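Topology and contacts: notes
The chain contents come next:
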Protein chains: 2
Amino acid sequence: MEFTAPQSPAGLHTTPSWLLNQAATYAGRLIGEGFAAHDLRGYHYRLLASLAEDGPASQADLGRRCGIDRSDVVAAINDLAGRGLVVRAPDPADRRRNVISSTEAGAEVARRMGETVARVQDDLLAPLSTTERAQLTRLLTRLLEHHSRH
Amino acid sequence: MEFTAPQSPAGLHTTPSWLLNQAATYAGRLIGEGFAAHDLRGYHYRLLASLAEDGPASQADLGRRCGIDRSDVVAAINDLAGRGLVVRAPDPADRRRNVISSTEAGAEVARRMGETVARVQDDLLAPLSTTERAQLTRLLTRLLEHHSRH
DNA sequence: TAACCAACGTTGGTGCGTCCAACGTATCAC
DNA sequence: GTGATACGTTGGACGCACCAACGTTGGTTA
């Protein structure tokens, strides 16, 4: 893949937030291309993966689990339901809620997209040794951990 | 700042591209808030910083220097010119081109936004030691370097 | 029981960053 | 001179993230 990095401003080349942004943009491009093969996007994968891993949930809970706004969950679930990857059923115990469950087809798509994601990691981290990959993962995890507990 | 990290899908918690995306999103939020104080956005900063560091250039060259599409450069330069931060003048040597130069005010705004960016780095990297910050920067640089030379 | 507040799904809209296609104009290489 | 290329510009698209508001339903408290 052709990835032409911006040349400047030179000062940004050593600015962590810029490097982070660039690396994430590149990773996102790889991921996006991989997902395009399934004609789905990031939101769909997050939802399918969450359903596969943690089971059925209301839309609001799904949104919280995946870090997606309630309103965006609606649209994504519409897409997934339209393709039979997910089932939306009213919750008899609480009529405000819809219970979303993955279908067999949905679980299969989640599995294949997961493979795509795994392949992308290898592409992305190709220049780093195993130790360095762990280092990077650890540093990023620490960063996020810290900022999520304000 | 309140940053509520998504809970799941659990598998993503250790996926580098996901961590990268999350960290970049958070950094972008910090940067965006800082820039909002100047009523400007990322594109504007990149352009102003590039002009300050590497001097005047045509819009196309600016786009290449900053990694911004030509068409997006047009709009951003319109904004900057409208605020007197930048001057757009036809290039006498090549009538296809506009030469964009930073004004004094533009240079000053670039400087102040640069300070904002520096402050954000400190916020962002707060949980990491000096050594770890250098490590992170090095790893990300290696990553980008590798992928930009395909 | 009635009043109130909170949570749910949904609609519609905003913003930023990125990218692409197409046009008319100007320049360069042959 | 002709054809390819670069330029600025317009107008549009997409993905992700976010917000305000509404009607409906549920829980809490007076």
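Remember, predicted model here, so these are calculated numbers, not experimental data.

What counts and how
Residues numbered from 1 in each chain as written. Chains lettered and ligands numbered in written order. Predicted model: local features only at pLDDT ≥ 70, side-chain atom pairs only at ≥ 80, totals over all residues. Heavy atoms only, no water. Core = buried A, V, L, I, M, F, W, Y, C linked by side-chain atoms within 4.5 Å. Buried < 20%, exposed > 50% of the residue type's maximum accessible area, 1.4 Å probe, protein only. Contact = heavy atoms within 4.5 Å. Axes fitted to C-alpha atoms, helices over the stretch in contact; angles between N-to-C directions. Helix = DSSP H or I, 4+ residues; strand = E, 2+ residues; numbered from the N terminus. Parallel < 35°, antiparallel > 145°, perpendicular 65-115°, else oblique. Left-handed = near helix turned anticlockwise from the far one by under 90°. Nonpolar A, V, L, I, M, F, W, Y, C, P; charged D, E, K, R; others polar. Polar contact = N/O pair within 3.5 Å; in protein donor to acceptor, adjacent residues only side chain to side chain. Buried area = accessible area lost by both parts, 1.4 Å probe. Salt bridge = Lys/Arg side-chain N within 4 Å of Asp/Glu carboxyl O.

**A closer look at the nonpolar core**
Counting residues in each nonpolar core, the largest one holds 82 residues, and the members touching the most others are A:L48, B:L20 and B:L48. Setting aside residues up to four positions removed in sequence, B:L20 forms contacts with A:L20, A:A23, A:A24, A:L124, A:L140, B:L140 and B:L143.

**What about the packing of helix 1 (residues 16-36) of chain A against helix 1 (residues 16-36) of chain B?**
Running from N to C, helix 1 of chain A and helix 1 of chain B cross one another at 135 degrees; their axes reach a closest spacing of 8 Å. With respect to helix 1 of chain B, the axis of helix 1 of chain A lies oblique. You can see that helix 1 of chain A and helix 1 of chain B cross each other, and the crossing is left-handed. Of the residues in helix 1 of chain B, those touching helix 1 of chain A at A:S17, A:L20, A:N21, A:A23, A:A24, A:A27 and A:I31 are B:S17, B:L20, B:N21, B:A23, B:A24, B:A27 and B:I31. Partitioned by chemical class, the residues of the contact of helix 1 of chain A with helix 1 of chain B number ten nonpolar, four polar and no charged.

**A look at the environment of B:R88**
All names here are of chain B. With respect to the helices and strands, the residue R88 is situated in strand 2 (residues 86-90). It is 50 Å that separates the C-alpha atoms of R88 and G11, two residues lying 77 residues apart in sequence. A polar atom in the side chain of R88 sits 2.9 Å from the side chain of Q59.

**As for the interface of chain A and chain B**
Across the boundary between the two partners, chain A contributes 58 residues, which contact 58 residues of chain B. Buried area between chain A and chain B, both sides added, is near 4900 Å², and the carbon and sulfur share of it is 70%. When residues of chain A are sorted by the area they lose upon contact with chain B, A:L139, A:L144 and A:H147 head the list and together hold 13% of the total. Taken together, the links from chain A to chain B amount to four salt bridges. Across the pair A:E132 and B:R142 runs a salt bridge whose closest N-O atoms are separated by 2.9 Å. Put simply, chain A and chain B have 14 residue pairs in polar contact (both at pLDDT 80 or more) between them. Where the side of chain A that touches chain B is concerned, the elements lending two or more residues are helix 1, helix 2 (42-54), helix 3 (59-66), helix 5 (104-124) and helix 6 (130-148) of chain A. Per-element tally for the side of chain A that touches chain B: the top contributor is helix 6 of chain A, with 14 residues. Partitioning the side of chain A that touches chain B into residue classes produces 30 nonpolar, 19 polar and nine charged.

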